Amino acid sequence: GYVPAKTKKKVYDELSLPSEFKSFLDVEKGNPEFHNALNYLRKRGLTREDILRYNIGYCESGPYNKMVIIPSYDKDGILNFFTGRSYYKDASFKHKNPQVSKDIIGFELYINWQLPITIVEGAFDALAIKRNAIPLFGKIVLEKLKKAVIENNVKSINIALDKDARTKALQSCEYFINNGVNVKLVDLEDEDPSELGFSTITSIIQDSKPLTTYQLMEQKIK
């Protein structure tokens, strides 16, 4: 009989925060790494509340050496992803993510599906928007998020992705529009939300107009 070829299933690590993870709650006054990591976050516009709310920490050794760690938790408060970002400008590695699936809902613990949601690429973009922003930790809207939008009967979505993710973004827009969701494709020009900051990105989103099916077709032809 016919035996189907075995498909290679991607093997992912078991997810937990790095063992070297340190919380900013444990103030280490004399520790330069503590201060450098904290200053980096402040320069990126994060407040003390943001740092506490999102349980942001840092590592000063190990695989995520000299990186701030931004965790993401699912609706039950279980870690579903985290991302490491170097807090030194001259670091050879700027980003590092664990080898786990990105088919998750970033920052799901803080999402209110009754309100408009904003989809962005990275954790810092989501933190800049402050309210109801879901980071993809990449450029593609994956199945779990698509499904959650429909199941939770989300009324409107803002899609704020970089220009290089535009084609992929349009496919998601089409999916959402076909499912009766009001979609705004937010034009960021060449900057990302974390560079623009909270007030600028908020007014850009407010000024964006919902996409019509016709505009969607136009954009796809571009």
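Our subject is the structure listed above.
Summarised in this report is the structure supplied together with it. A quick note: this is a predicted structure, and the numbers were derived from the prediction, not measured. Counting restarts for each chain, with residues numbered from 1 along the sequence as it is written. pLDDT decides what is reported in this predicted model: residues at 70 or higher carry local features, side-chain atom pairs at 80 or more are listed and counted, and totals for whole chains, interfaces and linings draw on all residues regardless. Excluding hydrogens and water, the side-chain values take into account all heavy atoms of the structure.

Time to look at the overall build of the chain. Secondary structure assignment for the chain yields 8 helices and 9 strands. Between the two quantities, the radius of gyration covers C-alpha atoms and the globule rule is 2.2 Å times the number of residues to the power 0.38. Against the compact-globule benchmark of 17 Å for 222 residues, the chain has a radius of gyration of 19 Å, which places it among compact chains. Over its C-alpha atoms, taken along the principal directions, the chain stretches across nearly 60 × 60 × 35 Å. Per-residue burial over the chain gives 44% buried out of 222 residues. It only takes one pair of heavy atoms within 4.5 Å for two residues to be counted as in contact. A separation of at least 24 residues holds for 61% of the contacts in the chain among residues at least 6 apart in sequence. The Shrake-Rupley method, run with a 1.4 Å probe sphere, supplies the accessible areas, and residue values consider only the shown protein chains as cover. When the accessible area of the chain is evaluated, it comes to approximately 12,800 Å², of which 51% is carbon and sulfur surface. Charged side chains of the chain number 32 positive and 29 negative; the gap between the two group centres comes to 2 Å. We count a stretch as a helix when DSSP gives it H or I for four or more residues in a row; a strand needs E for two or more, and each element gets its number in order from the N terminus. A simple rule labels every residue: compare its accessible area, found with a 1.4 Å probe on the protein chains alone, to the largest value its type can have, and call it buried under 20%, exposed over 50%, or partly exposed in between. Positive residues here are Lys and Arg, negative ones are Asp and Glu, while His and the chain termini are left out of the count. By convention, the charge on Lys lies at NZ, on Arg at CZ, on Asp at CG and on Glu at CD.

The next thing to look at is the packing of helix H5 (residues 166–178) against helix H8 (residues 213–221). Axes here mean lines fitted to C-alpha atoms, for a helix over just the part in contact, with angles spanning 0 to 180 degrees between N-to-C directions. Between H5 and H8, the least distance of the axes is 10 Å, while the angle of their chain directions is 155°. When the axis of H5 is compared with that of H8, the two are roughly antiparallel. In this structure, the crossing between H5 and H8 has a hand that is left-handed. Residues Arg 166, Leu 170, Cys 173, Glu 174 and Ile 177 of H5 form the contact with H8, whose own contacting residues are Thr 213, Leu 216, Gln 219 and Lys 220. In this classification, Asp, Glu, Lys and Arg are treated as charged, Ala, Val, Leu, Ile, Met, Phe, Trp, Tyr, Cys and Pro as nonpolar, and every other residue, Gly included, as polar. Broken down by class, the residue content of the contact of H5 with H8 amounts to 4 nonpolar, 2 polar and 3 charged. Each angle is binned into one of four classes, with values under 35 degrees roughly parallel, values over 145 roughly antiparallel, values of 65 to 115 roughly perpendicular, and all other values oblique. Put simply, a crossing is left-handed when the front helix is turned counterclockwise from the back one by less than a right angle, and right-handed when it is turned clockwise.

Let's shift gears to the packing of aromatic side chains. Two measures describe an aromatic ring pair: the distance that separates the ring centres and the angle between the ring planes. Here is the rule: rings of Phe, Tyr and Trp (six-membered ring for Trp) pair when centre to centre is within 6.5 Å. Planes less than 30 degrees apart are stacked, more than 60 are edge-to-face, and the remainder are tilted. What the rule picks out here adds up to 11 aromatic pairs. Ring plane angle 45° and centroid distance 4.8 Å describe the contact between Tyr 54 and Phe 107, whose orientation is recorded as tilted. Remark: Phe 107 occurs in the loop between strand E5 (95–96) and strand E6 (117–120) and Tyr 54 occurs in the loop between helix H2 (48–53) and strand E2 (57–59); sequence separation between them is 53 residues. Summarising the burial analysis for this pair, Tyr 54 and Phe 107 share the class buried. A network of ring pairs unites the aromatic residues Tyr 54, Phe 81, Phe 107, Tyr 110 and Phe 137 as a single cluster. Positioned above the aromatic ring of Tyr 175, the side-chain terminus of Lys 146 is 5.0 Å from the ring centre. Lysine and arginine charges are scored as sitting over a ring when NZ or CZ, respectively, is within 6 Å of the ring centre and within 35 degrees of the ring normal.

Turning our attention to the sheet that holds strand E7 (residues 133–135). Neighbouring strands of a sheet are bound in pairs by backbone hydrogen bonds; such pairs are parallel or else antiparallel. Pairing between strands is defined by DSSP: at least two bridges between them are needed. With respect to topology, 4 strands assemble into an open sheet ordered E7-E6-E8-E9, the strand pairing being parallel. Across the chains shown, the open sheet's two edge strands, defined by having one partner strand only, are E7 and strand E9 (182–185). Each adjacent strand pair in this sheet contributes to an overall mean axis angle of 20°, direction not counted. Two elements, E6 and E7, share 3 bridges in a ladder whose sense is parallel. Residue pairing in the sheet places Thr 118 in a bridge with Ala 133 of E7. Here H5 sits on the sheet and contacts E6, strand E8 (156–159) and E9; the angle it forms with E9, its principal contact strand, is near 165°.

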